[in-house]
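Examination of the molecular architecture
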Amino acid sequence: MARNCGRRFVLGIDVGTTSVKATIIDPTTKAIIDSQWRQTQAEKSCESGSLVNEQDPSRICTALQHAVSMLKKEQLLRVSAIGICGQMHGVVLWKCREAWSRNDFRRYELENTSQLITWQDLRCSGEFLRTLPNPDSHLRLSTGHGCATLFWLQRNMPEFILQYDRAGTIQDLVVTMLCELNQPIMSVQNAASWGYFNTVKNKWNTKILRKHGFPVHFLPEVRESDSVAGELVEDWYGIPQVGNSILYIFVKPYVGGGDAAFFLNLLQCQAALNSFSIMGHILLSINASYENDSWLFL
């Protein structure tokens, strides 16, 4: 019996601040086929009044896989596209080729990563931000932005930052892990949310950053929408790797977009999927506004 026969479905994943959601939809009928969610319980306890806001990436990874594993297996076999969205602005660091492994049950386990420093982190005070160079960007730099956080780490915890050689948002780490990528790939929208990214030139402010001692080797590769990012390295909870499993990355879609915006993005993913004759790739399919990233997956 063919493993992916019949109508193809799309799996959407939202790696949120407090929970992870996974939903399978039929892009033809727009019907929800199956849905699961799990609280991440990833918040790290800090002293009262602390400016630190961190989460445990391993707990997020576990919650994500638990949610996906609870989806109906017969529906997972028919998934031909995966859309991933998640927290913007935040940053997690990891060591290339040492950040994860797969156990006897083929579940991913994170190992050599930092904590996820979220968009709610307040260590970059106004005084500290005024010591940083002005970005060549349409967005104002703020505390919790990835590049501001990396500047803070470079100046205040240089030995800590030397343990790692890669960085990205939490969803960038997930995609890098699922595809065994050497370099993380980031969407234009997530790059803009990090700061020091010019969306007109589609480039990081590398010269500005390097001049002020920023560790530019941490900057992920940024790609336009609908470009190939990689491939699933093997089956994942029944989703076939060979021939038809496509992963799309897109960030939180519209201001307060809710379900309608989520469905629109999945349908756009499916439309892009249908335009490719060779399957098994990971694509960037993004339609988003980064003015406000507060939306609900379900």
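Computed from a predicted model, the values in this text were never measured in an experiment. (Residues numbered from 1 in each chain as written. Predicted model: local features only at pLDDT ≥ 70, side-chain atom pairs only at ≥ 80, totals over all residues. Heavy atoms only, no water.)

**Focus: the overall build of the protein**
Which entries qualify depends on this criterion: Going along the chain from the N terminus, every DSSP run of H or I of four or more residues is numbered as a helix, and every run of E of two or more is numbered as a strand. Note on exposure labels: buried denotes an accessible area under 20% of the residue type's maximum, exposed denotes more than 50%, and partly exposed covers the range between, all computed with a 1.4 Å probe on protein chains only. Only heavy atoms enter the contact rule, under which two residues are in contact if any of them lie within 4.5 Å. Accessible areas in this description were obtained via Shrake-Rupley with a 1.4 Å probe; residue shielding takes into account the shown protein chains only.
Within the protein, the regular secondary structure consists of 9 helices and 17 strands. Within the protein, the fraction of its 298 residues that count as buried is 55%. Taking the contacts inside the protein whose residues are at least 6 apart along the sequence as the reference set, 71% of them involve residues at least 24 apart. Carbon and sulfur atoms make up 51% of the accessible area of the protein, which totals about 12900 Å².

**Some remarks on the side chain of Arg 166**
Put simply, the rule is: What qualifies as a polar contact is a pair of N or O atoms within 3.5 Å, subject to a donor-acceptor requirement within protein and to the restriction that residues adjacent in sequence count only when both atoms come from side chains.
Here Arg 166 shows up in strand E10 (residues 166–168). According to the relative accessible area criterion, Arg 166 is buried, its value standing at 11%. A polar atom in the side chain of Arg 166 sits 2.8 Å from the backbone oxygen of Asn 182. With residues up to four places along the chain from it excluded, the contact list for Arg 166 reads Val 92, Leu 93, Trp 94, Cys 96, Asn 182, Gln 183, Pro 184 and Phe 218.

**Remarks on unusual backbone geometry**
A positive phi is found at Glu 180, a non-glycine position, where the angle reads about 55 degrees. With respect to the helices and strands, the residue Glu 180 is situated in the loop between helix H6 (170–179) and strand E11 (185–187).

**Describing the pairing of strand E3 (residues 31–39)**
Rules: Here a strand pair is declared whenever DSSP counts at least two bridges between the two strands.
Taken together, the 8 bridges between strand E2 (residues 19–26) and E3 define a ladder with antiparallel strand orientation. Bridged to Lys 21 within E3 is Trp 37. Linking E2 back to E3 in an antiparallel pair, the connection comprises 4 residues, with Lys 30 at a positive phi of about 65 degrees.

**Details of the confidence of the model for the protein**
In regions of low pLDDT, the predicted coordinates are not meant to be interpreted in detail. For clarity, the threshold we go by: Summary of the metric used: pLDDT quantifies the predictor's per-residue confidence within the range 0 to 100.
Per-residue confidence for the protein gives a mean pLDDT of 80, with 76% of residues at or over 70. Contacts for the low-pLDDT stretch residues 250–264, under 50 throughout, to residues beyond four places or in other chains number 52 contacts. Residue range residues 272–298 is modelled with pLDDT below 50. Its contacts to residues more than four positions away, or to other chains, number 113 contacts.

**Quick notes on the side chain of Thr 149**
By the secondary structure assignment, Thr 149 is in helix H4 (residues 146–156). Thr 149 gets classed as buried once you look at its relative accessible area, which sits at 4%. If we skip the residues at most four places from it in the chain, Thr 149 touches Val 91, Ile 117, Cys 124 and Gly 144.

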